[in-house]
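Residue-level structural notes
If you want the building blocks of each chain, they are given just below.
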Amino acid sequence: MAPEPTALTTKVESGSPYQLSHPQLLKASTALLSHIHTTAQSAAVSSDKKSLLAASSPSSTPPPEEIEPIWLVLTTKKHIVSHKRLKPGKIALPHSLNTSPQASICLIVPDPQRTFKDVVAHPSFPIELGKRITRVISVSKLKTKYKSFESRRQLKAEHEVILADARIITMLPPVLGKAFYAGGTKRPIPVNLEPYTPKKDASEKPNPFSVVKKAKPTKEDGKPVAPPQQCAREIERALTSALIHLSPAATTSVRVGLSTFSSQQVAANIEAVVNGMVEKHIPNGWRNVKAIHLKGPNTMALPIWLAEELWVDENDVLEAKEAEEAKLLASQKGRKRKEKGAGRALVNGEGKGEQLQIEGPGERGGKKRKREEVDKGLGDEMKAKREKLRKQKMEVRVKEEKLNGGSESKEEGGVKVKRRKSKTAEVQ
């Protein structure tokens, strides 16, 4: 007997119109992880080099270069945003992607960097977290010390996690370049290192007549820094979050797990990311979600959730007549654009004529062909008028030549005689 088809879309009676199926998530994550491990084992057998990812003992942890990420691909019916955002969003994960206690952290901060180094070295800052932060560097030092591509690659290889102050995160793409932003696994994670501003009491009314003079910040002062305990909390929160890079497209990829995770951990992270994106980032919520897939870096995408409707609102669906009218309008607009782009012109005698294609300046004989086509396009009446005008001009010229013919010849003869007389006089 054929297996019964399982629906990938689950409707609920209350709350959200759709929701994820937890058994479907477990099936997809288990199948993907098993495929990644079997592929690693076959690659280890075929190659002379031993792959630590294919080790038989479950307790052995592979190095970071052997661990493969697991991506969640979310497709929407309409674009999420209208322009690209350089500052990524964050969604908290139940299972962090940065679990290694020995992973080194590079913290990129605004100028001056000494104030942030003092915060990390403060006694109230957690000792274990402080040991992991091996480098604190400012943007100005990053520009001067790491100009070449090789130096940036070395900086990326020395650290597993790159953190950056949220106030300068938009300045880093031209500074770090392709070495950090190409793969997507080591892009800078924004951290809020700005001190919390206390909320103003609504009962207190500001005095409109009071004048408060603000001191101008100097280069030595720099940007304000949060207390050590607050900085530690923000760093730990960033380490346990997934980054959401939004762009004007219908597809968004989010890293939700690693090949060392279990299927339950991957499923829990998927649920957290999908719910966070639907609530915070996707307009119209589940109505705008088209499909959700799970994939590895070198695997096919496994479908987890598929929408039954391809439109967001009922107004987006057109009837047969409306669809035909829309197609007709689109075709008319396309024709007008083509005519303008090809350089067409309308030539006629009475306001109505044929469309003539004018050749470009680079083609040979463009002007002659243009004149010939224009002459061909003229009507019979215009040709008759032009011929009549030509005949009239010719008759006028002939009459003028007859009237002025004798006088001109006499004058010419007189001139000749005078010239001869002058010549004889010169000879004498």
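Each remark here, short or long, concerns the structure printed above.
Residues numbered from 1 in each chain as written. Predicted model: local features only at pLDDT ≥ 70, side-chain atom pairs only at ≥ 80, totals over all residues. Heavy atoms only, no water.

1. Focus on the overall build of the protein
Stated precisely, the cut-off is as follows: Helix and strand labels come from DSSP, where a helix needs a run of H or I of at least four residues and a strand needs a run of E of at least two; each type is numbered from the N terminus. Classification of residues uses two cut-offs on accessible area relative to the type maximum, computed with a 1.4 Å probe and protein chains only: under 20% is buried, over 50% is exposed, and between them is partly exposed. The contact rule is simple, with two residues in contact once any of their heavy atoms fall within 4.5 Å. For accessible areas, the Shrake-Rupley method is used with a probe of radius 1.4 Å. Any residue's cover is judged against the shown protein chains and nothing else.
Across its full length, the protein holds twelve helices and 14 strands. Sorting the 428 residues of the protein into buried and exposed places 31% on the buried side. Pairs at least 24 residues apart make up 76% of the contacts formed inside the protein by residues separated by at least 6 positions. Summed over its atoms, the accessible surface of the protein is roughly 29800 Å², and 53% of this surface lies on carbon and sulfur atoms.

2. Points about the layout of surface pockets
The cut-off we apply is this: Only protein atoms enter the 1 Å grid, on which a cavity is a set of points fitting a 1.4 Å probe that cannot get out and a pocket is an open set with protein on both sides within 12 Å along at least 5 of 7 lines, lining residues being those with an atom within 4 Å of a point. Grid points are joined across faces, edges and corners, and a volume is the space filled by probe spheres set on the points. Under the scheme applied, nonpolar residues are Ala, Val, Leu, Ile, Met, Phe, Trp, Tyr, Cys and Pro; charged residues are Asp, Glu, Lys and Arg; polar residues are all the others, including Gly.
Taken as a whole, the second largest pocket encloses approximately 340 Å³ of empty space. Together, 15 residues line the second largest pocket, and K84, Y181, R187, H245 and L246 are the ones closest to its centre. Here the residues of the lining of the second largest pocket sort into five nonpolar, seven polar and three charged.

3. Structural notes on the sheet that holds strand β5 (residues 105-109)
Worth spelling out the cut-off: Pairing between strands is defined by DSSP: at least two bridges between them are needed. Each axis is a line fitted through C-alpha atoms, and for a helix only the stretch in contact is used; angles between axes span 0 to 180 degrees, taken between their N-to-C directions.
If you walk across this open sheet you meet the four strands as β6-β5-β7-β8, and the pairing is parallel. Edge positions in the open sheet fall to β6 (133-138) and β8 (189-191), since each of these has one partner strand only. Across the sheet, the mean angle from the axis of one strand to that of its neighbour is 25°, orientation sign disregarded. Alignment of β5 against β6, held across five bridges, turns out to be parallel. Note on β6: the bridge partner recorded for C106 is R135.

4. Considerations on the pairing of strand β3 (residues 69-76)
With eight of eight residues buried, β3 is to be regarded as a mostly interior element. Because side chains alternate across β3, one face comprises the buried residues P69, W71, V73 and T75, and the other comprises I70, L72, L74 and T76, equally buried. Note that β3 and strand β10 (residues 251-258) share seven bridges and pair antiparallel. Residue pairing in the sheet places W71 in a bridge with R255 of β10. As judged from the six bridges shared by β3 and strand β11 (residues 289-295), these two strands associate in the antiparallel manner. Counted as the bridge partner of T75 is A291 from β11.

5. A short note on the pattern of salt bridges
Here the idea is simple: oppositely charged side chains can pair when their charged atoms come close. Applied cut-off: The term salt bridge refers to a pairing of a side-chain nitrogen on Lys or Arg with a carboxyl oxygen on Asp or Glu at a separation within 4 Å.
According to the stated counting rule, one finds five salt bridges in the structure shown. Measuring nitrogen to oxygen at the nearest pair gives 3.5 Å for the salt bridge that ties R135 to E158. You can see R135 sitting in strand β6 and its partner E158 sitting in helix α5 (residues 149-158), a full 23 residues away along the chain. Look at R135 and you get partly exposed, because its relative accessible area is 28%. The salt bridge partner of R167 is D165, with a shortest N-O separation of 2.8 Å.

6. Description of the packing of helix α1 (residues 22-46) against helix α9 (residues 263-281)
Worth spelling out the cut-off: Here is the rule for angles: anything less than 35 degrees is roughly parallel, anything more than 145 is roughly antiparallel, 65 through 115 is roughly perpendicular, and the remaining ranges are oblique. In this scheme the handedness of a crossing depends on how the near helix is turned from the far one: anticlockwise by less than a right angle means left-handed, clockwise means right-handed.
Relative orientation of the contacting elements α1 and α9 amounts to 125°, with a least axis distance of 8 Å. Between α1 and α9, the angle is such that the two are oblique. For α1 against α9, the interelement crossing comes out right-handed. Residue-level inspection shows H22, L25, L26, S29, T30 and L33 of α1 in contact with α9, the latter providing S263, Q264, V266, A267, I270 and E271. Partitioning the contact of α1 with α9 into residue classes produces six nonpolar, five polar and one charged.

7. Description of the sheet that holds strand β12 (residues 302-306)
An order of β10-β3-β11-β12 is seen for the four strands of this open sheet, with the pairing classed as antiparallel. Since the sheet does not close on itself, it has two edges, and those belong to β10 and β12, each with one partner. Adjacent strand axes in the sheet meet at a mean angle of 20°, parallel and antiparallel pairs treated alike. Here α1 sits on the sheet and contacts β3, β10, β11 and β12; the angle it forms with β12, its principal contact strand, is near 165°. Together, β3, β10, β11 and β12 form the strand contacts of α9, whose direction differs from that of β10 by roughly 150°.

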